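Residue-level structural notes
One letter stands for each residue in the lines below.
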Amino acid sequence: AQKIYAAYGQNYIIIQNLEITQEEIGTITNDILVDLRGDYCAVLNNKIHHCYEEPVKSHKSKGFRVIGNELYDSVHEGIDVVNVEDAVFAGNHISDCGRVFIMAKGGSRNVKIYNNWIDCDKQIDIRVPSMGIGLGGSTDNTSGLGNKRGDYEAYNFVAWNNVVNCTSPGLLLSGINFCGAKDTIAFNNVVYGAQAGIAYTNPADTKNGWGWDPENRNVSAYNNIVMNCTEAAVRVSGRSTNMLSDYNLYYKTANAPIETHSIYSDPRFMDAAGGDFRLKEDSPARESGKTIVPEWVGYDGTPFYFDVKDYAGNERTGKWSMGAYVFGAISKNAVETGSATGRLLTDYFDYTAFDNWEIISGVWECSEGALRGNNPQAKGVVRYAEGQKWTDYTFEADVSVTDASDRDRCSGLLFRSDIGGNNMYFFRFKQNFALEFGMWKNGVFASLQTWEYESEPYEFYNMRVDAVGDSFTFYVNGEKIGEAKDESFPRGTVGFYSYWGDQSFDNALVTAISE
């Protein structure tokens, strides 16, 4: 049976920072490790593996999030959801699955799939794996949103910055599959070594009691790189209406479609065989893509928005490149965690619990989708509970500024912090319209460098620090503020600082920097 199960109506369940497995794999379809069916549930930063059906499943839920997990060793799927709404699957490393690595179907709608890394190098099931990412699928006539003619398996999906890496060429039938999808887009993905890079399929749902086999309608593919696919760059099976595809790169693959702005030459990856899909300086994919507006029309007709940063967290500005990385991106190989994405921490503070953060001082809470430090007369410090061994990394987050004319109010980032919070660096907004880099060493405060900076009260600013060895580079809203050097603290975790005010913090991202 399911190992961790939440029934319909059991909402806001969070499974976080666990390893979930079993000694012996099951043999039936309900051998599922995590099955959450309530609304606004989340599976965050876990290692989940060794099952028959799938590591993660959900059905008829709203707001389901699967972020930052390592999922592997499953006879069937990696992530399998049916009839879900407003779901997010991001930053997961998925490998060794027998059928489909990520699949959302059964009338699922408003689904975001991004920054996932899929490795396919072995056959687990009696058949070869069918899809890296399934934008739709095949569902019975009772589990989905609808089953009559004109109903679809997938509505209003957005899939971007995903890497599907098939190191056993031809083992995977398709990298990205539009499978009965409507109003769906896939852009800036990389597919390497599958049989078909991108597929358009009509699922055989009439066999399941549907009124038709859903076609694909209003589906788009832009800025994708498809390489070393053994049978076809693009495979179209059945009927697709208003299928738009352009600004893609196809190389060493048969049956590449003729598209006006697409490219048919070597993308010049840094090391494709070694899994490094960053672009070299002379790559033809560099600045040859289509600019994507970060807004999509949702199932109910209202817009929903998405992040257009690249796989490594870099801003896409100016002319867009094809593939998952902008040119010049740093390879984000993981430190300590072994994650293929290199993302050490992702937290959008969407939930009231923040158990993986440790309060050192002050009053902290999650509310209205942000972490708030309410410390009217004292210093407040909260730190991420893991990461004591982190050395070189980028830490960025959105930080609100209180009234800068008040001489006592400060807010900002903490980094290279020890367990007790007595030793750490900070990068903060301080009073009198300034930014400051400094530290606490054995609990003693020291200011190391300041810069003038005009800020508006109660506005959010994206603050970022790149910490490499004894060198630090500081940014606000993408603008470089300055550099500094200090060798006091070579490693440590991250956190936030709030002093004399009610400040908010959101969208915390930490990525490893490695040579």
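Our structure's up above, just so we're on the same page.
What this report covers is the structure whose coordinates are included nearby. Predicted model, so just to flag it, every value in this text is computed and none were measured. (Residues numbered from 1 in each chain as written. Predicted model: local features only at pLDDT ≥ 70, side-chain atom pairs only at ≥ 80, totals over all residues. Heavy atoms only, no water.)

**A short note on a negative patch on the surface**
Selection criterion: Like charges are joined within 9 Å and nonpolar side chains (Val, Leu, Ile, Met, Phe, Trp, Tyr) within 5 Å, but only among residues with over 30% relative accessible area and no salt bridge; these make up the patches. A 1.4 Å probe and the Shrake-Rupley method give the accessible areas. Residues count as covered only by the protein chains that appear here. By convention in these notes, a salt bridge is any Lys or Arg side-chain nitrogen within 4 Å of a carboxyl oxygen on Asp or Glu. Residues counted as positive are Lys and Arg, residues counted as negative are Asp and Glu, and His and the chain ends are not counted. Throughout, a charge is located at the NZ atom of Lys, the CZ atom of Arg, the CG atom of Asp or the CD atom of Glu. Each helix is a run of H or I in the DSSP string that is no shorter than four residues. Each strand is a run of E no shorter than two, and both are numbered from the N terminus. Each residue is placed in one exposure class: buried if its accessible area under a 1.4 Å probe, protein chains only, is under 20% of its type's maximum, exposed if it is over 50%, and partly exposed if it falls in between.
A cluster of like negative charges, contributed by Glu 452, Glu 454, Glu 456 and Glu 459, occupies part of the molecular surface. With respect to the helices and strands, the residue Glu 452 is situated in strand β40 (residues 444-452). Among the residues examined, Glu 452 registers a relative accessible area of 80% and is labelled exposed.

**Re the sheet that holds strand β20 (residues 181-187)**
Rules: Only strands that DSSP links by at least two bridges are regarded as paired with each other. In this analysis, axes come from line fits to C-alpha atoms, helices being fitted only over the stretch in contact, and the angle between any two N-to-C directions falls in the range 0 to 180 degrees.
Ordered in space as β2-β5-β8-β11-β14-β17-β20-β23-β26, the nine strands form an open sheet in which the pairing is parallel. Two strands bound the open sheet, and with one partner strand each, they are β2 (14-16) and β26 (240-246). Between one strand and the next, the sheet's axes are offset by a mean angle of 5 degrees, whatever the strand orientation. Across six bridges, strand β23 (residues 216-222) lies against β26 in parallel orientation. Opposite Tyr 222, over in β26, you have Asp 246 as the bridge partner.

**What about the nonpolar core?**
Short version of the rule: Definition used in this section: a nonpolar core is a set of buried Ala, Val, Leu, Ile, Met, Phe, Trp, Tyr and Cys residues joined via side-chain atoms within 4.5 Å. Note on contacts: a residue pair is in contact if any heavy atoms of the two residues lie within 4.5 Å.
Core analysis: the biggest nonpolar cluster contains 52 residues, and Phe 64, Ile 79, Phe 89, Ile 113 and Leu 135 have the highest contact counts within it. In contact with Phe 64, other than residues within four places in its own chain, are Leu 36, Cys 41, Val 43, Val 56, Lys 57, Ser 58, Val 81, Glu 85, Asp 86, Ala 87, Val 88 and Phe 89. Counting 41 residues, the second-largest nonpolar core is a separate cluster that includes Val 382, Leu 435, Val 465 and Ile 481.

**Here's the deal with the side chain of Asn 462**
Condition: Polar contact criterion, stated in full: a pair of N or O atoms within 3.5 Å, where within protein one must be able to donate a hydrogen and the other to accept it, and residues adjacent in sequence count only if both atoms are side-chain atoms.
Residue position: Asn 462 is located in strand β41 (residues 460-468). Looking at Asn 462, its side chain comes within polar contact range of the side chain of Asp 398, at 3.1 Å. With sequence-adjacent residues up to four places away left out, Asn 462 is seen in contact with Glu 396, Ala 397, Asp 398, Tyr 475, Val 476 and Asn 477.

**Comments concerning the packing of aromatic side chains**
Selection criterion: Within 6.5 Å between ring centres, the rings of Phe, Tyr and Trp (the latter by its six-membered ring) count as paired, and their orientation is classed by plane angle as stacked under 30 degrees, edge-to-face over 60, tilted in between. As a reminder, the over-ring test applies to NZ of lysine and CZ of arginine, requiring each to be within 6 Å of the ring centre and within 35 degrees of the ring normal.
Throughout the structure, instances matching the rule amount to 46 aromatic pairs. Pairwise contacts between aromatic rings join Phe 349, Trp 357, Trp 364, Tyr 384, Trp 390, Tyr 393, Phe 395, Phe 496 and Phe 505 into one cluster. The ring of Tyr 299 carries the charged tip of Arg 109 above its face, separated from the ring centre by 5.8 Å. Its end group placed over the ring of Tyr 475, Arg 464 keeps NZ or CZ at 4.1 Å from the ring centre.

**Looking at the side chain of Asn 188**
Its location among the elements puts Asn 188 in the loop between β20 and β21 (190-192). Since its relative accessible area comes to 0%, Asn 188 is described here as buried. Side-chain polar atoms of Asn 188 contact the backbone oxygen of Ser 321, separated by 2.9 Å. A polar contact of 2.8 Å, which involves the side chain of Asn 188, links it to the backbone oxygen of Gly 323. Residues within four places of Asn 188 in sequence aside, it is in contact with Trp 160, Asn 161, Asn 162, Tyr 222, Asn 223, Asn 224, Arg 316, Trp 320, Ser 321, Met 322, Gly 323 and Ala 324.

**Regarding the pairing of strand β22 (residues 196-201)**
Most of β22 sits out of view: five of its six residues are buried. In the sheet, strand β19 (residues 174-179) pairs with β22 via five bridges, with the strands oriented parallel. Considered in β22, the bridge of Phe 178 is made with Tyr 200. Two strands pair when backbone bridges link them, and β22 and strand β25 (residues 232-237) are joined in this way by five bridges, in the parallel orientation. Looking at β25, one finds that Thr 201 is bridged to Ser 237.

**Describing the environment of Ser 95**
Tracing the backbone through its elements, the reader meets Ser 95 in strand β12 (residues 93-97). For Ser 95 and Val 399, which are 304 residues apart along the polypeptide, the C-alpha to C-alpha distance reads 35 Å. Setting aside residues up to four positions removed in sequence, Ser 95 forms contacts with Leu 71, Tyr 72, Asp 73, Phe 101 and Asp 119.

**Here's the deal with the pairing of strand β13 (residues 100-105)**
Of all six residues that make up β13, six are buried, and the element is covered over most of its length. Inspection of the sheet shows strand β10 (residues 79-82) paired to β13 by four bridges, in the parallel sense. Across the sheet, Val 81 pairs through a bridge with Ala 104, a residue of β13.

**Describing the pattern of salt bridges**
Working definition: two side chains of opposite charge can pair if their charged atoms are close together. According to the stated counting rule, one finds 21 salt bridges in the structure shown. The salt bridge partner of Lys 3 is Asp 31, with a shortest N-O separation of 3.1 Å. You can see Lys 3 sitting in the segment before β1 (4-6) and its partner Asp 31 sitting in the loop between β3 (19-20) and β4 (34-36), a full 28 residues away along the chain. The exposure class assigned to Lys 3 is partly exposed, which follows from its relative accessible area of 39%. On the accessibility criterion, Asp 31 (3% relative accessible area) is buried. The closest approach of N and O atoms between Glu 483 and Lys 480, which form a salt bridge, is 2.7 Å. By relative accessible area, which is 45% here, Lys 480 ends up partly exposed. Among the charged side chains, a salt-bridge network with shared partners connects Glu 54, Lys 57 and Asp 80.

**So, the state of the cysteines**
Convention followed: Whenever a pair of cysteine sulfur atoms sits within 2.5 Å, that pair is classed as a disulfide.
Per the counting criterion, the structure on display carries zero disulfides. Not part of a disulfide, Cys 51 finds its nearest cysteine sulfur in Cys 97, a span of 7.9 Å. On the basis of relative accessible area, Cys 51 is assigned to the buried category, the value being 0%. In this structure Cys 179 is not part of a disulfide, and its nearest cysteine sulfur, from Cys 97, lies 17 Å away.

**Remarks on the environment of Ala 221**
Tracing the backbone through its elements, the reader meets Ala 221 in strand β23. Separated by 36 residues in the primary sequence, Ala 221 and Ile 185 place their C-alpha atoms 5.9 Å from one another. Leaving out residues up to four positions away in the same chain, Ala 221 has contacts with Ala 186, Ile 198, Tyr 200, Leu 244, Ser 245, Asp 246 and Asn 248.

Coordinates in, geometry out; function isn't part of it.
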